[in-house]
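# Descriptive structure summary
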Amino acid sequence: MNMQQDAVSTIRIALRAGARNWLAYAALAGMLMTIGGMVGLMWFVSFEPGFGLHAMLCGALSVGGLLLWNGTLGTAMARDRTLS
């Protein structure tokens, strides 16, 4: 799946999850961290000519969110199928 399909699947599963599928909320948090980190990275890099500490922290947040998102989405989708 591409990133747009992953985002749609994450939101769909999180809306249906309820309290039974906490992995869906972890995947949603990872998706929001990834997007927020990328936006923050673009913000700081556009205003500071160098790659400063703020940009590095936003980049690390984005990578961490991507790892969380990719690590939990497949399991959340499998759990969603078994709970439905």
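Now for a quick tour of the structure. (Residues numbered from 1 in each chain as written. Predicted model: local features only at pLDDT ≥ 70, side-chain atom pairs only at ≥ 80, totals over all residues. Heavy atoms only, no water.)

### Some points on the pattern of salt bridges
- Per the stated rule, a full pass over the model turns up 1 salt bridge.
- Arg 16 is the partner of Asp 80 in a salt bridge, and the nearest nitrogen-oxygen pair spans 2.2 Å. One end of the pair, Asp 80, is in helix α3 (residues 53-83); the other, Arg 16, is in helix α1 (residues 3-17), and 64 residues separate them in sequence.
- The class of Asp 80 is buried, set by a relative accessible area of 8%.
- For Arg 16, a relative accessible area of 44% translates into the label partly exposed. (Salt bridge = Lys/Arg side-chain N within 4 Å of Asp/Glu carboxyl O. Helix = DSSP H or I, 4+ residues; strand = E, 2+ residues; numbered from the N terminus. Buried < 20%, exposed > 50% of the residue type's maximum accessible area, 1.4 Å probe, protein only.)

### A word on the side chain of Thr 34
- Residue position: Thr 34 is located in helix α2 (residues 22-47).
- For Thr 34, a relative accessible area of 1% puts it in the buried group.
- A distance of 3.3 Å separates a polar atom in the side chain of Thr 34 from the backbone oxygen of Gly 65.
- In this structure, Thr 34 is in contact with Met 3, Ser 62, Gly 65, Leu 66 and Trp 69, ignoring residues within four places of it in sequence. (Polar contact = N/O pair within 3.5 Å; in protein donor to acceptor, adjacent residues only side chain to side chain. Contact = heavy atoms within 4.5 Å.)

### Details of the nonpolar core
- Residues Ala 7, Ile 13, Ala 17, Leu 23, Ala 24, Ala 27, Met 31, Trp 69, Leu 73, Ala 76 and Met 77 constitute the largest nonpolar core, which totals 11 residues.
- Mapped onto this core, the elements with two or more residues apiece are α1, α2 and α3.
- When sequence neighbours within four positions are dropped, the list of residues in contact with Ile 13 reads Asn 21, Ala 24, Ala 76, Met 77 and Asp 80. (Core = buried A, V, L, I, M, F, W, Y, C linked by side-chain atoms within 4.5 Å.)

### Remarks on α2
- Helix length check: α2 (26 residues) gives 38 Å between terminal C-alpha atoms against 38 Å at 1.5 Å per residue, within 8%.
- Of all the residues in α2, the buried ones are Leu 23, Ala 24, Ala 26, Ala 27, Gly 30, Met 31, Thr 34, Gly 37 and Gly 40.
- On its buried face, α2 is in contact with α1 and α3. (Expected span 1.5 Å × (residues − 1).)

### Observations regarding the environment of Gly 74
- Inspection of the secondary structure assignment puts Gly 74 in helix α3.
- A relative accessible area of 46% means that Gly 74 is categorised as partly exposed.
- For the pair Gly 74 and Ala 27, spaced 47 residues apart in sequence, the C-alpha separation works out to 9.1 Å.

### Quick word on the packing of α1 against α2
- Two elements in contact, α1 and α2, have axes whose closest approach is 9 Å; the angle formed by their N-to-C orientations is 140°. The orientation of α1 relative to α2 falls into the category oblique. Here α1 runs over α2; the crossing is left-handed. Only Ala 24, Tyr 25, Ala 27, Leu 28, Met 31 and Thr 34 of α2 make contact with α1, whose side of the interface consists of Met 3, Ala 7, Thr 10, Ile 11, Ile 13, Ala 14 and Ala 17.
- In terms of residue class, the contact of α1 with α2 is built from 11 nonpolar, 2 polar and no charged. (Axes fitted to C-alpha atoms, helices over the stretch in contact; angles between N-to-C directions. Parallel < 35°, antiparallel > 145°, perpendicular 65-115°, else oblique. Left-handed = near helix turned anticlockwise from the far one by under 90°. Nonpolar A, V, L, I, M, F, W, Y, C, P; charged D, E, K, R; others polar.)

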